[in-house]
Amino acid sequence: MEKNAKIYVAGHRGLVGSSVVRKLQNDGYAKVITKTSKELDLRRQTDVEVFFERERPEYVILAAAKVGGILANSTYTAEFIYDNIIIAANVVQSAYRYGVKKLLNLGSSCIYPKFAPQPIKEEHLLTGVLEPTNEPYAVAKIAAIKLCRYYNEQYGTNFISGMPTNLYGPHDNFNLETAHVLPSLVRKFHLAKLLIQKKYDEIKKDLNMTAVGFNLNLNLDPAHLLEKLGITTEYLMLWGSGEPYREFLYVDDLADACIFLMERYNYKEIGECVNVGTGEDVKIKELASLIQKIVKYEGAIKHDASKPDGTPKKLLDVSRLKSLGWQSKTSLKEGLRNTYDWYLSRL
Ligand code: GFB
């Protein structure tokens, strides 16, 4: 990618897109194009075509998606499949039509079968049934990989796909209903600590700053409200058994991998998709105790068995990306500290 090339980052306000834009700007790319979803609704085919015809981006990083944690995925099923398929189809088709030199499509490790051999290799795609709690999202993300592949095969485009593991970091979604586990636990442990310390004004400030979800009435007294979220002065509720394993990649590492792939590798070298992860996973229980220490929460932890566990383990095999010359840098502890510091800096 030339430093003065026009690069469109779709989804620049999200966790991934915002990190990619920061990295591009730090690396001296001068023409980064962004549009908010209000300015350009990527679900509308004609609007997407008009945008590509007018702006003529040379490179595209597709980080726009409808995303969420286990509960959001299994609740808003139609939105997760429709929005993600239509966004990918519109962007890929316009990228082909308006001569984009290279496109990076971002997916997720949940595209792989629920019981895939561990660690999961790229070739395990479509070798078994998917995890039901995220099947709509996974099907849409698989469709996006296949769109890129078949446009490359039929039209000779250079559209590549990266499959990151579970991501986290600054600018994540901290809404306790729709968020992934890591930001949810950072916020829950923080609120639980404030409750033990009887810092009700700080709790109110936090609840007013970022939506908590579940249609909760913010006028309730803080202790009563937090109890509805599984937070009391004695304990904090984790969803599920805490036994599933997850692999967590700090988002700035993903952005680094995105630019690395865009600068150096093409579809011919990468193939249908490449995994992006750390190569290490932890039990949700272990993640909880790490966050507990960083936040300095001193209460107990209980488990809410009515909430789903999801897939038991989804550790990515990252040897393909390693062999290309990239590996992650940020340890989980360091990434968690950065994420908690960022969270506190907004309060
Ligand atoms: O991160 P998460 O929501 O999604 O949940 P997935 C991971 C695990 O953490 C599950 C447990 O076993 C949850 O039950 N967990 C414990 C919690 N406490 C909490 C909590 O307070 N909030 C949340 N959210 N989880 C998503 C997929 O799966 O991961 C997407 O649904 C996508 O499609 C994404 O692939 C990366 O890791 O299970």
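The structure under discussion appears in the preceding block.
What comes next is a walk through the structure. Since the structure is predicted, the reported quantities are computational estimates derived from the model, not experimental observations. (Residues numbered from 1 in each chain as written. Predicted model: local features only at pLDDT ≥ 70, side-chain atom pairs only at ≥ 80, totals over all residues. Heavy atoms only, no water.)

Here the focus is the sheet that holds strand β2 (residues 31–33). Strand order in this open sheet of 6 strands is β2-β1-β3-β4-β5-β10, and the pairing throughout is parallel. Only two strands of the sheet have a single partner each, and these edge strands are β2 and β10 (274–276). Strand-to-strand twist in this sheet, taken as the mean axis angle between neighbours without regard to direction, amounts to 20°. One ladder, built from 3 bridges, connects strand β1 (residues 6–10) with β2; its direction is parallel. Residue Y8 lies in a different strand from β2, and its bridge partner there is I33. (Pairing = 2+ DSSP bridges. Helix = DSSP H or I, 4+ residues; strand = E, 2+ residues; numbered from the N terminus. Axes fitted to C-alpha atoms, helices over the stretch in contact; angles between N-to-C directions.)

Bringing the environment of D83 into the picture now. Assignment of secondary structure puts D83 in helix α4 (residues 77–97). Between the C-alpha atom of D83 and that of L42, which follows or precedes it by 41 residues, the distance is 8.7 Å. Each residue touching D83, except ones within four places of it in the same chain, is listed here: R43 and K66. Within the structure, the side chain of D83 is placed 3.4 Å from the side chain of R43, a separation counted as a polar contact. (Contact = heavy atoms within 4.5 Å. Polar contact = N/O pair within 3.5 Å; in protein donor to acceptor, adjacent residues only side chain to side chain.)

This part takes up the site of the ligand. Surrounding the ligand, one finds 23 residues, the nearest of these being I70, K188, R246, P308 and D309. N73 places a polar side-chain atom, nitrogen or oxygen, 3.0 Å from an oxygen atom of the ligand. Notes on the ligand: free accessible area 710 Å², of which the protein chains cover 97%. At 4 residues, helix α6 (residues 181–196) tops the list of elements feeding residues into the shell around the ligand. Split by residue class, the shell around the ligand holds 11 nonpolar, 8 polar and 4 charged. (Near = heavy atom within 4 Å. Areas by Shrake-Rupley, 256 points an atom, 1.4 Å probe, with all protein chains shown as cover. Nonpolar A, V, L, I, M, F, W, Y, C, P; charged D, E, K, R; others polar.)

A word on unusual backbone geometry. Negative phi values dominate among residues other than glycine, just as trans dominates among peptide bonds. In the segment running from Q118 into P119, the intervening peptide bond is cis, with an omega of -10°. Considering the arrangement of structural elements, one finds P119 in the loop between β4 (102–106) and α5 (135–155). The backbone phi angle of K198 is positive, close to 60°, even though this residue is not glycine. Mapping K198 onto the fold places it in the loop between α6 and α7 (200–209).

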